[in-house]
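Close look at the chain arrangement
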Amino acid sequence: MIDTTYQRFVKRWEEVTDLPTQTLGPFTGLYKRFTKQFKVMPWPWFIGMSIAVAAGLYLVFGSAIAFLVTTLQRGF
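Reference entry: report on the structure contained in this document. (Residues numbered from 1 in each chain as written. Predicted model: local features only at pLDDT ≥ 70, side-chain atom pairs only at ≥ 80, totals over all residues. Heavy atoms only, no water.)

**Considerations on the side chain of threonine 28**
If you trace the backbone, threonine 28 turns up in helix α2 (residues 28-40). Relative accessible area serves as the criterion here: at 15%, threonine 28 is assigned to the buried category. (Helix = DSSP H or I, 4+ residues; strand = E, 2+ residues; numbered from the N terminus. Buried < 20%, exposed > 50% of the residue type's maximum accessible area, 1.4 Å probe, protein only.)

**Quick notes on the packing of α2 against helix α3 (residues 42-61)**
Packed helices, taken two at a time, are described by the angle between their axes plus the distance between the axes. Two elements in contact, α2 and α3, have axes separated by 5 Å at closest approach and are oriented at 105°. Accordingly, the angle class assigned to the pair α2 and α3 is roughly perpendicular. Judged by residue contacts, Phe34, Gln37, Phe38, Lys39 and Val40 of α2 engage Pro42, Trp45 and Phe46 from α3. Looking at the contact of α2 with α3 residue by residue, the classes come out as 6 nonpolar, 1 polar and 1 charged. (Axes fitted to C-alpha atoms, helices over the stretch in contact; angles between N-to-C directions. Parallel < 35°, antiparallel > 145°, perpendicular 65-115°, else oblique. Contact = heavy atoms within 4.5 Å. Nonpolar A, V, L, I, M, F, W, Y, C, P; charged D, E, K, R; others polar.)

Below, the structure is given as structure tokens:
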């Protein structure tokens, strides 16, 4: 009784925990190249993206970004 219950548990456990490899269709190769570099050294990506976001916000809001940041800082 206990042995069959345990075997069913193990079988179900393997079904639940066995995940297939993730694919993104035609973008799988690009995804794997990006994540491989990102996992090794993420800080250059963080710095680059933060600079890009800051520059994008400056292009959208102009000098009003200082007012927006000040307002957000006061709220928190």
